[in-house]
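What follows is the residue order along each chain.
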Amino acid sequence: AQSVSQHNHHVILSEAASLELGCNYSYGGTVNLFWYVQYPGQHLQLLLKYFSGDPLVKGIKGFEAEFIKSKFSFNLRKPSVQWSDTAEYFCAVNRSSGAGSYQLTFGKGTKLSVIP
Amino acid sequence: DAGVIQSPRHEVTEMGQEVTLRCKPISGHDYLFWYRQTMMQGLELLVYFNNKAVMDDSGMPKDRFSAKMPNASFSTLKIQPSEPRDSAVYFCASRPGPAAAEQYFGPGTRLTVT
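Source: prediction; values computed, not measured. (Residues numbered from 1 in each chain as written. Chains lettered and ligands numbered in written order. Predicted model: local features only at pLDDT ≥ 70, side-chain atom pairs only at ≥ 80, totals over all residues. Heavy atoms only, no water.)

Asker: Which residues make up the pairing of strand β5 (residues 42-50) of chain B, and what are the values?
Answerer: All names here are of chain B. Counting buried residues along β5, 8 of its 9 residues qualify, which places the element largely inside the surrounding structure. Connecting strand β4 (residues 31-38) to the next strand, β5, in antiparallel fashion are 3 residues. Of the pairings in the sheet, the one linking β5 to strand β6 (residues 53-56) comprises 3 bridges and is antiparallel in character. Across the sheet, Tyr 48 pairs through a bridge with Asp 56, a residue of β6. Between β5 and β6, which pair antiparallel in sequence order, lie 2 residues; one of them, Asn 51, sits at a positive phi of approximately 50°. (Buried < 20%, exposed > 50% of the residue type's maximum accessible area, 1.4 Å probe, protein only. Helix = DSSP H or I, 4+ residues; strand = E, 2+ residues; numbered from the N terminus. Pairing = 2+ DSSP bridges.)

Here it is as structure tokens:
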């Protein structure tokens, strides 16, 4: 079964600082990758996704992520964070095909606190 | 589209009581998922359905939890009897068929069992 690890439990940044959140997955086959965001008290929303093609994916609100297949990584980045980016961020993966391909496996999440 | 709808949004109950959580998926979505979110375990998949049939319920404690999807637009997750360790936020999500499509999450039900 695949698994997802997010390296940082809690990240604290000042506004305008650059952000990079790490995500690694374990699965040898072809995968689809996602980043979801959960604002305080709200449900999960999709930030961006990678299925195939250009490994640099751009999402909403200025976020981007890079898929590095050799490193099994899908790190999330933003050049300049805002206070409104304070939220919890979840990396998720599912297999592209075969048994279990419809199930998303989530990382434990990284809480981001942006200080004004 | 109204998105995935869950009810109730908050539920407080006493240990031993029966709790029923409800979900209405996005119209046309063939897959429905129930997740539980806790501080300790993060997001855990409890069960998921494809075209109303249970596909995988290996994450669900079957002695007290049961999930049903009587029609394409409604699902329930029932806990009987409830225990304090069931306190969590329960999310329902739905998605259309293809494996690459993302899941759309509902607002969640915050369950507190005292």
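Asker: I'd like to hear about the nonpolar core, residue by residue, with values.
Answerer: Counting residues in each nonpolar core, the largest one holds 28 residues, and the members touching the most others are Leu 33, Trp 35, Leu 47, Leu 48, Phe 74, Leu 76 and Tyr 89 of chain A. Here Leu 47 of chain A is in contact with Trp 35, Tyr 36, Val 37, Gly 59, Ile 60, Phe 63, Leu 76 and Tyr 89 of chain A, once residues within four sequence places are set aside. (Core = buried A, V, L, I, M, F, W, Y, C linked by side-chain atoms within 4.5 Å. Contact = heavy atoms within 4.5 Å.)

Asker: Quick one: what's the story with the packing of aromatic side chains, residue by residue and with numbers?
Answerer: Summed over all chains, the structure comprises 17 aromatic pairs over all chains. Between Phe 106 of chain A and Tyr 35 of chain B, the aromatic rings sit 5.5 Å apart at their centres with planes inclined by 90°, giving edge-to-face as the arrangement. Here Phe 106 of chain A, found in strand β11 (residues 105-106), pairs with Tyr 35 of chain B, found in strand β4, and the two come from separate chains. This pair shows no difference in class: Phe 106 of chain A is buried, exactly as Tyr 35 of chain B is. Look at Tyr 35 of chain B and Phe 105 of chain B: their rings are 5.4 Å apart centre to centre, the planes differ by 35°, and that puts the pair in the tilted class. With a gap of 70 residues between them, Tyr 35 of chain B in strand β4 and Phe 105 of chain B in strand β10 (residues 104-105) connect regions that are remote in the sequence. (Phe/Tyr/Trp six-rings, centres within 6.5 Å; stacked < 30°, edge-to-face > 60°.)

Asker: Give me the sheet that holds strand β1 (residues 5-7) of chain B: which residues, what numbers.
Answerer: Residues and elements named next belong to chain B. Pairing is antiparallel across the open sheet formed by 4 strands, whose spatial order is β1-β3-β8-β7. Strands with a single pairing partner mark the edges of an open sheet, and in this sheet they are β1 and β7 (65-71). Adjacent strand axes in the sheet meet at a mean angle of 15° when their direction is disregarded. With 5 bridges connecting them, β7 and strand β8 (residues 74-79) associate as antiparallel partners. Bridging from a neighbouring strand, Ser 66 pairs with Lys 78 of β8. (Axes fitted to C-alpha atoms, helices over the stretch in contact; angles between N-to-C directions.)

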